[in-house]
Amino acid sequence: MTENKDEVAGLVLAAGGGRRLGGRPKALLPHRGRPLVEHAVGVLRAGGCARVHVVLGARADAVRDQASLAGCVLVDNPRWEEGMGSSLRAGLGSLAGSGARAALVSLVDQPGIGPEAVARVLAAYASPSTLAAAAYDGERGHPVLFGAGHWAGIAATATGDRGARAYLLAHADAVTLVECGDVARAYDIDTEADLVHLE
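Structure report, in brief. (Residues numbered from 1 in each chain as written. Predicted model: local features only at pLDDT ≥ 70, side-chain atom pairs only at ≥ 80, totals over all residues. Heavy atoms only, no water.)

Some details on the packing of helix H2 (residues 36-47) against helix H5 (residues 115-123)
At their nearest, the axes of H2 and H5 sit 8 Å apart, and the two run at 50° to each other. Considering the angle they form, H2 stands oblique to H5. In this structure, H2 crosses over H5, and the sense of that crossing is right-handed. Residues Val43, Leu44, Ala46 and Gly47 of H2 form the contact with H5, whose own contacting residues are Pro115, Val118, Ala119 and Leu122. Class assignment for the residues of the contact of H2 with H5 results in 7 nonpolar, 1 polar and no charged. (Axes fitted to C-alpha atoms, helices over the stretch in contact; angles between N-to-C directions. Helix = DSSP H or I, 4+ residues; strand = E, 2+ residues; numbered from the N terminus. Parallel < 35°, antiparallel > 145°, perpendicular 65-115°, else oblique. Left-handed = near helix turned anticlockwise from the far one by under 90°. Contact = heavy atoms within 4.5 Å. Nonpolar A, V, L, I, M, F, W, Y, C, P; charged D, E, K, R; others polar.)

Quick look at the sheet that holds strand S4 (residues 52-56)
Across the sheet, which stays open at both edges, the 7 strands sit in the order S5-S4-S1-S6-S8-S7-S9 with mixed pairing between neighbours. Here the strands that pair on one side only, and so sit at the sheet edges, are strand S5 (73-76) and strand S9 (175-179). Direction aside, neighbouring strands of the sheet carry axes that sit 25° apart on average. Sheet analysis places strand S7 (residues 131-136) next to strand S8 (residues 139-147), joined by 5 bridges and oriented antiparallel. Bridged to Tyr136 within S8 is Glu139. The strands touched by H2 are strand S1 (8-14), S4 and strand S6 (102-107); relative to S1, the strand with the most contacts, the crossing angle is about 160°. (Pairing = 2+ DSSP bridges.)

Side note on the nonpolar core
Counting residues in each nonpolar core, the largest one holds 42 residues, and the members touching the most others are Val12, Val37, Val54, Leu104 and Leu145. Every element with two or more residues in this core is listed here: S1, H2, S4, helix H3 (60-66), S6, H5 and S7. Examining the composition of this core, we find that 6 residues originate from one element, H2, more than from any other. In this view, Leu145 contacts Val8, Ala102, Ala103, Leu104, Val121, Leu122, Tyr125, Thr130, Leu131 and Ala132; residues no more than four positions away in its chain are not counted. If you look at the next biggest cluster of nonpolar residues, it comprises 25 residues, including Ala15, Ala103, Phe146 and Ala158. (Core = buried A, V, L, I, M, F, W, Y, C linked by side-chain atoms within 4.5 Å. Buried < 20%, exposed > 50% of the residue type's maximum accessible area, 1.4 Å probe, protein only.)

Considering the environment of Leu29
Along the chain, Leu29 turns up in the loop between S1 and strand S2 (30-31). Each C-alpha atom of the pair Leu29 and Val105 lies 20 Å from the other, and the pair is 76 residues apart in sequence. Once residues lying within four places of it in the same chain are set aside, the contact partners of Leu29 are Leu21, Arg24, Arg34, Pro35, Leu36, Ile189, Leu195 and Leu198.

Thoughts on unusual backbone geometry
Outside of glycine, negative phi angles account for most residues, and trans bonds account for most peptide bonds. The residue after His142, namely Pro143, is reached through a cis peptide bond having omega 0°. Residue position: Pro143 is located in strand S8. The phi dihedral of Arg32 falls on the positive side, at around 55°, and the residue is not glycine. Its location among the elements puts Arg32 in the loop between S2 and strand S3 (34-35). Although it is not a glycine, Arg59 adopts a positive phi angle of roughly 50°. Take Arg59: it is sitting in the loop between S4 and H3.

Listed below in structure tokens is the structure:
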């Protein structure tokens, strides 16, 4: 199984502008003394992703300056204001031709999801046709794993803030749900009230 892990690239969606946070980009929110995007990358690496691509959007130059993202492939999404769908398309596009056979996708604003959940979802990878997602009390959440055989279909349906939701619903029978509720908390950092979750 170890050699298979090299086929799965981590993909952090970190382009959001934090509209409900007064326009503070989520990637730069401080968490444990460093920008949140650094934490998200560290979680993917600790969970077993050797390669990590990070999609940047809002204040991308500031993120590059302030966050230590050495070894990551940084992907600019000039259309980040259109929503998460555009970032997912940009990220999957950056993986084309990279040799990756699956993408393990995480969101920058979910610091309650750690390496244990990443490792569990990563372990569900079997082939480029794999679709897997973390579940919390049976409800599908992040991170999600998309085998390369699904990338074109996901990109074609990823619009607005819905990301891969429509594709996953249409292919629900093919999605392996990996329960992670015992090792992770799937809250988002969306509003000022949510900042209490940051350390």
